[in-house]
Amino acid sequence: QQQVKQSPQSLIVQKGGISIINCAYENTAFDYFPWYQQFPGKGPALLIAIRPDVSEKKEGRFTISFNKSAKQFSLHIMDSQPGDSATYFCAASFGGNTPLVFGKGTRLSVIA
Amino acid sequence: DTGVSQDPRHKITKRGQNVTFRCDPISEHNRLYWYRQTLGQGPEFLTYFQNEAQLEKSRLLSDRFSAERPKGSFSTLEIQRTEQGDSAMYLCASSYEGGRTDTQYFGPGTRLTVL
């Protein structure tokens, strides 16, 4: 049973474009939703996270949109750059300091 | 740099051998997590600690796997009688429970290859 479903599996975006990655979750008790970025050979690094009491959070070029009723959240990367090319994972947990349940990842390629 | 460190970074072993990995968390972090990541997949939770106490083990963690955090600082993950299906990246993360942030910081991982 996959508790966090992520799409698309891969994404190609032109430099300067908007990258959008979507996640859906099943367990309504989840209350912490982070996005992680992972480069080859490295561990995941936190990009941005949100809790269900807000519908949107923005940090620089990265925005999380959260829809509690639909049990969905998405990552938007504005003005995508080649350096953003990486694998992105959404995750969910019962509070931030508990085990994370990850999606399967989206491999993003930003082409010039 | 005082991030999460893991040792070794790579380990190649033969089926049936035992292996042990070490994780050193960020120094003030009281929670430590182990995850396993296979190619093309997201990390999967294995177990986690609050100081030296093991709080939870995933059903993924067979009896061949054991983890400890004896003094509430570094942690070790041992796999006995390795199988080819154990080949994966083993990731360690740490966080501070009771602080202002919920962030789990990940180490670079130990890549295990079982021949």
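Computed from a predicted model, the values in this text were never measured in an experiment.

Each value, and the rule that gives it
- Residues numbered from 1 in each chain as written.
- Chains lettered and ligands numbered in written order.
- Predicted model: local features only at pLDDT ≥ 70, side-chain atom pairs only at ≥ 80, totals over all residues.
- Heavy atoms only, no water.
- Contact = heavy atoms within 4.5 Å.
- Salt bridge = Lys/Arg side-chain N within 4 Å of Asp/Glu carboxyl O.
- Helix = DSSP H or I, 4+ residues; strand = E, 2+ residues; numbered from the N terminus.
- Nonpolar A, V, L, I, M, F, W, Y, C, P; charged D, E, K, R; others polar.
- 1 Å grid on protein atoms, 1.4 Å probe; cavity = no way out; pocket = protein on both sides within 12 Å on 5 of 7 lines; lining within 4 Å.
- Points joined across faces, edges and corners; volume = space filled by probe spheres on them.
- Core = buried A, V, L, I, M, F, W, Y, C linked by side-chain atoms within 4.5 Å.
- Buried < 20%, exposed > 50% of the residue type's maximum accessible area, 1.4 Å probe, protein only.
- Pairing = 2+ DSSP bridges.
- Axes fitted to C-alpha atoms, helices over the stretch in contact; angles between N-to-C directions.
- Disulfide = S-S within 2.5 Å.
- Phe/Tyr/Trp six-rings, centres within 6.5 Å; stacked < 30°, edge-to-face > 60°.
- Lys NZ or Arg CZ within 6 Å of the ring centre and 35° of its normal.

**Section: the interface of chain B and chain A**
Tallying the contact residues gives 23 residues for chain B and 18 residues for chain A. Residue Arg51(A) pairs with Asp102(B) through a salt bridge whose shortest N-O separation is 2.3 Å. Of all the secondary-structure elements, those providing two or more residues to the side of chain B that touches chain A are strand S4 (31-37), strand S5 (44-50) and strand S9 (88-95) of chain B. Along the lines of polarity and charge, the residues of the side of chain B that touches chain A split into nine nonpolar, nine polar and five charged.

**Concerning the layout of surface pockets**
As a volume, the second largest pocket reaches approximately 490 Å³. The wall of the second largest pocket is formed by 20 residues, among which Gln38(A), Thr87(A), Arg107(A), Gln37(B) and Gly40(B) lie closest to the centre. Listed by contribution, the elements that provide at least two residues to the lining of the second largest pocket are strand S9 (86-92) and strand S11 (106-111) of chain A. Sort the elements by how many residues they give to the lining of the second largest pocket and S9(A) lands first, with three residues.

**Topic: the pattern of salt bridges**
Enumeration over the complete set of coordinates arrives at seven salt bridges over all chains. Each of Asp31(A), Arg51(A) and Asp102(B) takes part in one network of salt bridges that share partners.

**Some details on the nonpolar core**
Counting residues in each nonpolar core, the largest one holds 24 residues, and the members touching the most others are Phe33(A), Trp35(A), Phe73(A), Leu75(A) and Tyr88(A). Counting only elements with at least two residues in this core, the list comes to strand S2 (10-14), strand S3 (19-25), strand S4 (33-38), strand S5 (45-50), strand S7 (62-67), strand S8 (72-77), S9 and S11 of chain A. Counting residues in hydrophobic clusters, the runner-up holds 19 residues, among them Phe21(B), Cys23(B), Cys92(B) and Leu112(B).

**Observations concerning the sheet that holds strand S8 (residues 75-79) of chain B**
All names here are of chain B. Judged by pairing direction, the sheet is antiparallel, and its four strands sit side by side in the order S1-S3-S8-S7 without closing on themselves. Pairing within the sheet leaves two strands with one partner each, and these edge strands are strand S1 (5-7) and strand S7 (65-68). For this sheet, the mean inter-axis angle between neighbouring strands, taken without regard to orientation, is 15°. Relative to S8, strand S3 (residues 19-24) runs antiparallel, the two being bridged by five bridges. Residue pairing for S8: Phe21 is matched across the bridge by Leu77.

**Let's talk about the pairing of strand S6 (residues 53-57) of chain B**
Residues and elements named next belong to chain B. The sheet contact formed by S5 and S6 spans four bridges and is antiparallel. Note on S6: the bridge partner recorded for Gln50 is Ala53. In this antiparallel pair of consecutive strands, S5 and S6, the connection spans two residues, and Asn51 shows a positive phi of 55°.

**Considering the state of the cysteines**
Enumeration over the complete set of coordinates arrives at two disulfides over all chains. A sulfur-sulfur separation of 1.7 Å characterises the disulfide bridge that pairs Cys23(A) with Cys90(A). A torsion of -85° about the S-S bond marks the disulfide between Cys23(A) and Cys90(A) as left-handed. Of this pair, Cys23(A) sits in strand S3 while Cys90(A) sits in strand S9, and the two are 67 residues apart along the sequence. When its relative accessible area of 0% is taken as the criterion, Cys90(A) is described as buried. Two residues share a disulfide in this structure: Cys23(B) and Cys92(B), whose sulfurs sit 1.8 Å from each other. The chirality of the disulfide connecting Cys23(B) with Cys92(B) is left-handed, given an S-S dihedral of about -70°. Of the two residues, Cys23(B) sits in strand S3 while Cys92(B) sits in strand S9, which places them 69 residues apart along the sequence. Accessibility expressed as a relative area gives 0% for Cys23(B), which makes it buried.

**Observations concerning the packing of aromatic side chains**
Each aromatic ring pair is summarised here by two numbers: the centre-to-centre distance and the angle between the ring planes. In the structure shown here, the tally under the stated rule is 21 aromatic pairs over all chains. Between the aromatic rings of Phe65(B) and Tyr90(B), the centroid separation amounts to 6.4 Å while the plane-to-plane angle is 35°, which identifies the pairing as tilted. Here Phe65(B) is found in strand S7, whereas its partner Tyr90(B) is found in strand S9, with 25 residues between them in sequence. Both residues of the pair, Phe65(B) and Tyr90(B), count as buried. Through pairs of rings, three or more aromatic residues link up here, namely Tyr36(A), Phe89(A), Phe102(A), Tyr33(B), Tyr35(B), Phe45(B), Tyr48(B) and Phe106(B). Here Arg22(B) stacks its cationic end above the ring of Phe74(B), 3.9 Å away from the centre of that ring.

Function-wise, these values are silent; they only describe arrangement.
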